[in-house]
Amino acid sequence: MMKKICVVGAGSWGTALSKVLADNGHEVTVWSIMEKEIEMFQQFHEQKEKLPGVILPDSVTFTTNLEEGVRGKDILVFAVPSPFTRSTAKNVAPFLTDGQIIVNVAKGIEENTLMTLTEIIEEEIKNQSVEVCVLSGPSHAEEVGREIPTSVVVGAKKKATALLLQDVFMNKVFRVYTSPDVLGIELGGSLKNVIALAAGVADGLGFGDNSKAALMTRGIAELSRLGMAMGGKRETFAGLSGIGDLIVTCGSQHSRNRKAGYLMGKGYTADEAMKEVKQIVEGVYSTKAAVALAKKYDVEIPIIEQVNAILFEGKSAKEAVSDLLLRDKKIEHSDLEWDE
């Protein structure tokens, strides 16, 4: 079942997924807006800057011509960083044809509109016959590119589309589950980046495993509360795109969000940390949106609020941790009751 696929975005994740899809026998075109990036791929078939050592098959083609990349393709994989999702969708829209499928693989929430990335894409393309789906989960590009076993989940409104995409992406080292909860998958993938910043801050401050475990556990509670208030499903936040993605992002050396948080824990400003990481730190863009959403839906998110204070209000990391620990006493699960 060979498909014609364009991967829109040639960063580390786009490159890793291009390899998965090409290895699965699909006809893959990679698009980038940057001519130097495409020239590098054409010469080496490798993303030397962001994913060195992962060589794409000779069958993969590369282009800076968006119309050439999009027209006639069965599936478009949106792998641009979240701040560029809207502009990219707007540019893609004129070249779309009925029946194409868009799979968003970036993670984020737009700060000024509070929209998820699939919602942004749908708004910009203005074509109801083009189904917009999502693929997410604990999946660092560095490991996927090296064919280390990985599991993700694909979300689609139609079961038939989810099953098709499962067949397209899945192989012996890249396992794909399906779900109808597109919103929950996107929220899990976006909000966990904020918790990963907090986990990095804890590491930068020199805290230990106890602190990290507490942050991750209470972090998934915040993520789930907010996500469920918005319409996501509890099961999704307990799954690959929720707690699974949270675990890998909070603990991995590959995580940009954890690294940025680590640097802030060491005393870097947010701007200094992002410059040091040298890639888009998605959690920084999602934090303000998460705080605004929590206010809108009247949900408590103390960890995310403290991350926001560190990022945008000049609060020190040590002070933020102190304020978290000295909050009012709480029951762990408010829906559990004593017999007496």
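Keep in mind it's a predicted model, so treat the numbers as computed, not measured.

This brings us to the layout of surface pockets. Approximately 1200 Å³ is the volume found for the largest pocket. Forming the walls of the largest pocket are 37 residues, and the residues nearest its centre are Arg218, Ala221, Glu222, Arg225 and Arg327. Put simply, the parts of the chain that give the lining of the largest pocket at least two residues each are helix H8 (182–204), helix H9 (209–229), helix H15 (302–312) and helix H16 (317–325). Looking at the lining of the largest pocket element by element, the count peaks at 11 residues for H9. Its residues assigned to classes, the lining of the largest pocket shows 20 nonpolar, 6 polar and 11 charged. The wall of the second largest pocket is formed by 40 residues, among which Ala79, Val80, Pro81, Arg256 and Glu282 lie closest to the centre. At the level of secondary structure, the elements contributing two or more residues to the lining of the second largest pocket comprise helix H1 (12–23), helix H4 (85–92), helix H6 (141–145), H8, helix H11 (240–251) and helix H12 (256–265).

This part covers empty space enclosed by the protein. Throughout the structure, instances matching the rule amount to 1 cavity of 30 Å³ or more. Of the pockets and cavities examined, the largest cavity occupies roughly 40 Å³. Taken together, Asn104, Ala106, Lys107, Gly108, Val134, Leu135, Ser136, Ile185, Glu186, Gly189 and Ser190 form the lining of the largest cavity. Listing elements by their share of the lining of the largest cavity, those giving two or more residues are strand S8 (131–136) and H8. At 4 residues, H8 tops the list of elements feeding residues into the lining of the largest cavity. Looking at the lining of the largest cavity residue by residue, the classes come out as 4 nonpolar, 5 polar and 2 charged.

With that settled, the discussion passes to the pairing of strand S7 (residues 101–104). Residues of S7 alternate between two faces, with Ile101 and Val103 on one and Ile102 and Asn104 on the opposite face, all of them buried. Direction of pairing for strand S6 (residues 75–78) relative to S7: parallel, over a ladder of 4 bridges. Looking at the pairing, Leu76 lines up with Ile102 of S7. Taking the sense of rotation as the criterion, the β-α-β connection linking S6, H4 and S7 turns out right-handed. As paired strands, S7 and S8 are joined by 4 bridges and run parallel to one another.

Procedures and definitions
Residues numbered from 1 in each chain as written. Predicted model: local features only at pLDDT ≥ 70, side-chain atom pairs only at ≥ 80, totals over all residues. Heavy atoms only, no water. 1 Å grid on protein atoms, 1.4 Å probe; cavity = no way out; pocket = protein on both sides within 12 Å on 5 of 7 lines; lining within 4 Å. Points joined across faces, edges and corners; volume = space filled by probe spheres on them. Helix = DSSP H or I, 4+ residues; strand = E, 2+ residues; numbered from the N terminus. Nonpolar A, V, L, I, M, F, W, Y, C, P; charged D, E, K, R; others polar. Buried < 20%, exposed > 50% of the residue type's maximum accessible area, 1.4 Å probe, protein only. Pairing = 2+ DSSP bridges. Right-handed = clockwise from strand over helix to strand, strands pointing away.

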